[in-house]
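Residues per chain, in single letters:
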Amino acid sequence: MVDDSTRKTLSNIPLLQTRAGPREKDIWVQRLKEEYQALIKYVENNKQSGSDWFRLESNKEGTKWFGKCWYMHNLLKYEFEVEFDIPVTYPTTAPEIAVPELDGKTAKMYRGGKICLTEHFKPLWARNVPKFGIAHAMALGLAPWLAVEIPDLIEKGIISYKEK
């Protein structure tokens, strides 16, 4: 089900332990620390392997996340804004990652640019609560979605390269 590359990536992202969402104010801070530690490790691993592909930051409360993600295709870097809110039922419910500028450009997306993760990612997330966090959502949700959708959108002429 999971290829060796994904398995290796996943094994290098620390698992989280604190079961807390934004409503559990007293232990949410601990969960956020774990989230940041996992994200930092994941980004460091990506940089070391030459596969750096996103930047994220959050509001002070850690409930709204935003940043950029990019996908390399034919040596061109396609860059997109990415955003998501932490659900009040987190970590039981996975975040719904959105790439707003691609809203309506692919069938594998919901209103507001939220990417479709229902069939493959959400069951995996559900089996791994509370161990999975934001870094896992990026690695197992957004990364494969970009890898499938962006080349297809480029080939169909729906998106095109923009000079920076």
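All figures in this text were calculated on a predicted structure; none of them were measured in a lab.

A.B. asks: Mind showing me how you'd approach the environment of Q48 here?
C.D. replies: Structurally, the position occupied by Q48 is in helix α2 (residues 25-48). Exposure remark for Q48: the relative accessible area of 69% places this residue in the exposed category. Each C-alpha atom of the pair Q48 and D152 lies 28 Å from the other, and the pair is 104 residues apart in sequence.

A.B. asks: Could you clarify how one ought to interpret the environment of K122 in this entry?
C.D. replies: Of note, K122 is situated in helix α3 (residues 121-127). On the basis of relative accessibility, which here comes to 32%, the residue K122 falls in the partly exposed class. In this structure the C-alpha to C-alpha distance between K122 and K60, which are 62 residues apart in sequence, comes to 27 Å. Contact partners of K122, with chain neighbours within four places excluded, come to E96 and L117.

A.B. asks: Explain the sheet that holds strand β1 (residues 54-58) here, please?
C.D. replies: Strand pairing within a sheet occurs via backbone hydrogen bonds; the two strands may be parallel or antiparallel. Strands sit in the order β1-β2-β3 across an open sheet of 3 strands; the sheet is antiparallel. Here the strands that pair on one side only, and so sit at the sheet edges, are β1 and β3 (76-85). Averaged over all neighbouring strand pairs, the angle between strand axes comes to 15°, with direction disregarded. Pairing geometry for strand β2 (residues 64-73) and β3, over 10 bridges, is antiparallel. Within β3, the position partnered with M72 by the bridge is K77. Across the sheet, α2 is in contact with β1 and β2; its angle to β1 comes to roughly 165°. Along the sheet, helix α4 (residues 134-155) contacts β1, β2 and β3; its crossing angle with β2, the most-contacted strand, is approximately 45°.

A.B. asks: Which parts of the structure should I look at to understand the side chain of R31?
C.D. replies: Along the chain, the position of R31 falls in helix α2. Residue R31 is classed as buried on the basis of its relative accessible area of 0%. Beyond its immediate sequence surroundings of up to four residues, R31 is in contact with L16, T18, A20, Y90, P91, P130, F132 and G133.

A.B. asks: Before we go on, may I ask you to explain the environment of Y110 in this structure?
C.D. replies: Note that Y110 resides in strand β4 (residues 109-110). For the pair formed by Y110 and E155, sequence separation is 45 residues and the distance between their alpha carbons is 21 Å.

A.B. asks: What's the story with α2 in this structure? I'm lost.
C.D. replies: Side chains of residues three or four places apart in an α-helix project in the same direction, reflecting 3.6 residues per turn. Under the 1.5 Å per step criterion, the end-to-end length of α2 is 35 Å for 24 residues, consistent within 8% with the ideal 34 Å. Within the span of α2, buried status applies to W28, R31, L32, E34, E35, A38, L39, Y42, V43, N45 and N46. A positive backbone phi angle near 75° is found at G50, which sits one or two residues after α2.

A.B. asks: Mind showing me how you'd approach the UniProt feature "active site" in the protein chain here?
C.D. replies: With numbering matched to this structure, UniProt assigns "active site" to C116. The topology assignment puts C116 in the loop between β5 (114-115) and α3.

A.B. asks: Can you help me understand the pattern of salt bridges in this one?
C.D. replies: A pair can form between side chains of opposite charge whenever their charged atoms are brought close. In the structure shown here, the tally under the stated rule is 11 salt bridges. The shortest N-O distance in the salt bridge between E101 and K162 comes to 3.7 Å. Note that E101 is positioned in the loop between β3 and β4 and K162 in the segment after α4, a separation of 61 residues in sequence. Using a relative accessible area of 31% as the deciding quantity, one classes E101 as partly exposed.

A.B. asks: How do you make sense of the pairing of β1 when you look at a structure like this?
C.D. replies: Side chains of β1 alternate between two faces, with F54, L56 and S58 buried and R55 and E57 left unburied. The pairing of β1 with β2 spans 5 bridges and is antiparallel. Residue F54 lies in a different strand from β2, and its bridge partner there is C69. Between β1 and β2, which pair antiparallel in sequence order, lie 5 residues; one of them, G62, sits at a positive phi of approximately 75°.

Calculation rules
Residues numbered from 1 in each chain as written. Predicted model: local features only at pLDDT ≥ 70, side-chain atom pairs only at ≥ 80, totals over all residues. Heavy atoms only, no water. Helix = DSSP H or I, 4+ residues; strand = E, 2+ residues; numbered from the N terminus. Buried < 20%, exposed > 50% of the residue type's maximum accessible area, 1.4 Å probe, protein only. Contact = heavy atoms within 4.5 Å. Pairing = 2+ DSSP bridges. Axes fitted to C-alpha atoms, helices over the stretch in contact; angles between N-to-C directions. Expected span 1.5 Å × (residues − 1). UniProt positions renumbered as here; feature names shortened; annotations may be inferred. Salt bridge = Lys/Arg side-chain N within 4 Å of Asp/Glu carboxyl O.

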